[in-house]
Amino acid sequence: MATRQTPDFEAWESLLLQAARQGGAGVLGSLLTHWQGQAPRAVIQCDCGQRMISQGRRAKGLLTTLGAVPFRRSFYQCAQCRQSRFPDDERLDMVNTTYSPGVRRLMARAGSQTQFEQAAEDLLCYAGLKLEPREIERVAEEVGRQVERWLSEEEEQLICTGVSAPPKLAAGTKFYVSFDGTGVPVRKSELVGRPGKQADGSARTREAKLGCVFTQVGLDKKGRPQRDPDSTTYVGAIESSTLFGWRMYAEALRRGLAQASTVVVLTDGQRYNHTIAQTHFSAAVHIVDLFHAYEHLTLIARSLWGPAAESPQAWRDLLEAGEIKQLIRKAGKTLPNSAQAKKSLRKELGYFENNALHMRYAEYREQHFFVGSGVVEAGCRTVIGERLKQSGMQWSVRGANAIIALRCCIMSGRFEDFWATRTR
Ligand SMILES: [Zn+2]
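Residues numbered from 1 in each chain as written. Predicted model: local features only at pLDDT ≥ 70, side-chain atom pairs only at ≥ 80, totals over all residues. Heavy atoms only, no water.

Quick look at the overall build of the protein now. Helix and strand counts for the protein stand at 15 helices and nine strands. For 424 residues, the compact-globule estimate of 2.2 N^0.38 gives 22 Å, and the protein exceeds it by more than 25% at 28 Å. The principal-axis extent of the C-alpha atoms belonging to the protein is close to 85 × 80 × 55 Å. When burial is assessed residue by residue, the protein has 45% of its 424 residues classed as buried. Put simply, 66% of the contacts in the protein that link residues at least 6 apart link residues at least 24 apart. Of the accessible surface of the protein, which amounts to about 23800 Å², a share of 51% is contributed by carbon and sulfur atoms. Within the protein, one finds 57 positive and 45 negative side-chain charges whose respective centroids are separated by 3 Å. (Helix = DSSP H or I, 4+ residues; strand = E, 2+ residues; numbered from the N terminus. Rg over C-alpha atoms; globule rule 2.2 N^0.38 Å. Buried < 20%, exposed > 50% of the residue type's maximum accessible area, 1.4 Å probe, protein only. Contact = heavy atoms within 4.5 Å. Areas by Shrake-Rupley, 256 points an atom, 1.4 Å probe, with all protein chains shown as cover. Lys, Arg positive; Asp, Glu negative; His and termini not counted. Charge placed at Lys NZ, Arg CZ, Asp CG, Glu CD.)

Next comes the structure, spelled out in structure tokens:
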């Protein structure tokens, strides 16, 4: 009796997958050829107005998710100005690239998730695609720039003509807009003339601004506000606070700003935060993050009593109660000896004075508002930090912005939407 051997199941799997891919690539090639044979002859115009002349076919190696597929497409040239076109490439969304749309989507996604070397290994392992890290970088950034263009067209439309289909917000929805910044390490050439925080006054990073919009209806068991699941979307870029303000505003409009009855802006109280809040969200309640306020309180205590000091409970109670005037009076009653400590105390008292209107914490708690900017801070870590702030990284601003756009789009659950509109 023959012994029944246990099969190497994984070997079966990988052999069959390979065969399926090879067979699929063959079918794909035939489909392409068939489509080309069926396509009606169109007149191909040049930009200069001349009719272009067919010059026969030119071959290019096409890499698809099924593997290499030979592709011979018609080549047209203008007799007048020598410009050339490949109309089939244009129809199939494969102009100036040898990667199929499916492969480019995978490259963009993988390159947005992890370092390009790692992405190349992942794509080889998961999709059987052998790709250079450099190529993944190039394609991911190209797709990121397409996301940027898509978003800026959308931004213009939202601001000029409004929301085409305003989202429905549940009754009692609190609508949050929150933003913050985080340093992204960039190449030296991107830092010329920029003062920084390094010991010698130079800079190593550029600030990426990240904004998020989320909603809240319910409370958790302890009566604390609870973010609506999957309600957070992100926008971000290395750009001026003015441009970022518009970007943030457009995203809020898209999410239903105009429909929201309660709008809260949550920031850490930097000066540009106030400008954006006043310019674009003037009807909102602007809350300065309570936890940053606590840190500033600690700094006051340290300027008075040394580097290990903590703020007294009485101050903390005043802060929680939102009694900022009283807090300033109490904390500023005694002056430290050294000039430097005096300067630091003055600065910190100034922080409370400037933000006092946005620190009515007792009132906010009563209305069950979030009083911390934890959501956007976590966003700075997950959306920006985990991909762009790994050790040894040095970005160009252009490259960083492309990847930030891509990550915001993916993490806002909009990548499929983008891809669909892109090919339409
Ligand atoms: Zn021409």
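Let us keep going from here.
Protein coordination at the zinc ion: the donors are Cys46 (SG), Cys48 (SG), Cys78 (SG) and Cys81 (SG), at 2.2 to 2.3 Å from the metal. One can describe the site at the zinc ion as tetrahedral: its four donor atoms subtend angles covering 103 to 123 degrees at the metal. You can call Cys48 partly exposed: its relative accessible area is 42%. (Donors = N, O, S within 2.8 Å, 3.2 Å for Na, K, Ca; no water. Tetrahedral: all angles 85-135°; square planar, octahedral: opposite > 155°, others 65-115°.)

Looking now at the layout of surface pockets. Of the volumes computed, that of the largest pocket is approximately 590 Å³. Of all the secondary-structure elements, those providing two or more residues to the lining of the largest pocket are β4 (174-185) and β5 (205-219). (1 Å grid on protein atoms, 1.4 Å probe; cavity = no way out; pocket = protein on both sides within 12 Å on 5 of 7 lines; lining within 4 Å. Points joined across faces, edges and corners; volume = space filled by probe spheres on them.)

For the coordinates displayed, the defined rule picks out zero disulfides. Cys212 takes part in no disulfide bond, and the closest cysteine sulfur, belonging to Cys380, lies 8.6 Å away. Exposure remark for Cys212: the relative accessible area of 0% places this residue in the buried category. (Disulfide = S-S within 2.5 Å.)

In this structure, Thr232 sits in the loop between β6 (225-227) and β7 (233-237). Taking C-alpha positions, Thr232 is 43 Å from Gly23, a pair spaced 209 residues apart along the chain. When sequence neighbours within four positions are dropped, the list of residues in contact with Thr232 reads Cys212, Val213, Phe214, Arg227, Arg255, Val375, Met411 and Ser412.

It is worth spelling out the nonpolar core at this point. Soluble globular proteins tend to pack their nonpolar side chains together in the buried interior. Formed by 80 residues in total, the largest nonpolar core has its most connected members in Val184, Leu319, Phe352, Tyr361, Trp395 and Phe415. The element contributing the most residues to this core is helix α14 (residues 397-411), with nine residues. Leaving out residues up to four positions away in the same chain, Phe415 has contacts with Arg105, Ala108, Arg109, Val143, Leu406, Cys409 and Ile410. Core analysis: the next-biggest nonpolar cluster, separate from the first, contains 20 residues, Phe175, Val235, Tyr272 and Ile276 among them. (Core = buried A, V, L, I, M, F, W, Y, C linked by side-chain atoms within 4.5 Å.)

The subject of this paragraph is the sheet that holds strand β3 (residues 84-85). Strand order in this open sheet of three strands is β1-β2-β3, and the pairing throughout is antiparallel. Single-partner strands in this sheet number two, and they are β1 (53-64) and β3. The pairing of strand β2 (residues 67-77) with β3 spans two bridges and is antiparallel. Within β3, the position partnered with Gln77 by the bridge is Ser84. (Pairing = 2+ DSSP bridges.)

What follows is about the pattern of salt bridges. Side chains that carry opposite charge are capable of pairing whenever their charged atoms lie near each other. Overall, the coordinates contain 18 salt bridges when judged by the stated rule. Put simply, Asp220 and Arg224 hold a salt bridge, and the shortest N to O gap is 3.0 Å. Among the residues examined, Asp220 registers a relative accessible area of 23% and is labelled partly exposed. (Salt bridge = Lys/Arg side-chain N within 4 Å of Asp/Glu carboxyl O.)

Within the secondary structure, Glu251 is located in helix α6 (residues 241-255). One polar contact links Glu251 to Thr233, side chain to side chain, over a distance of 2.6 Å. Beyond its immediate chain neighbours, meaning those up to four positions away, Glu251 contacts Val213, Thr233 and Val235. (Polar contact = N/O pair within 3.5 Å; in protein donor to acceptor, adjacent residues only side chain to side chain.)

Here the focus is empty space enclosed by the protein. Applying the stated criterion across every chain yields a total of one cavity of 30 Å³ or more. Put simply, the largest cavity is a space of about 60 Å³. Contributing to the lining of the largest cavity are Leu151, Tyr234, Val235, Glu251, Arg254, Cys408, Cys409, Ser412 and Arg414. Elements with a minimum of two residues in the lining of the largest cavity: β7, α6 and α14. Classifying every residue of the lining of the largest cavity gives five nonpolar, one polar and three charged. (Nonpolar A, V, L, I, M, F, W, Y, C, P; charged D, E, K, R; others polar.)

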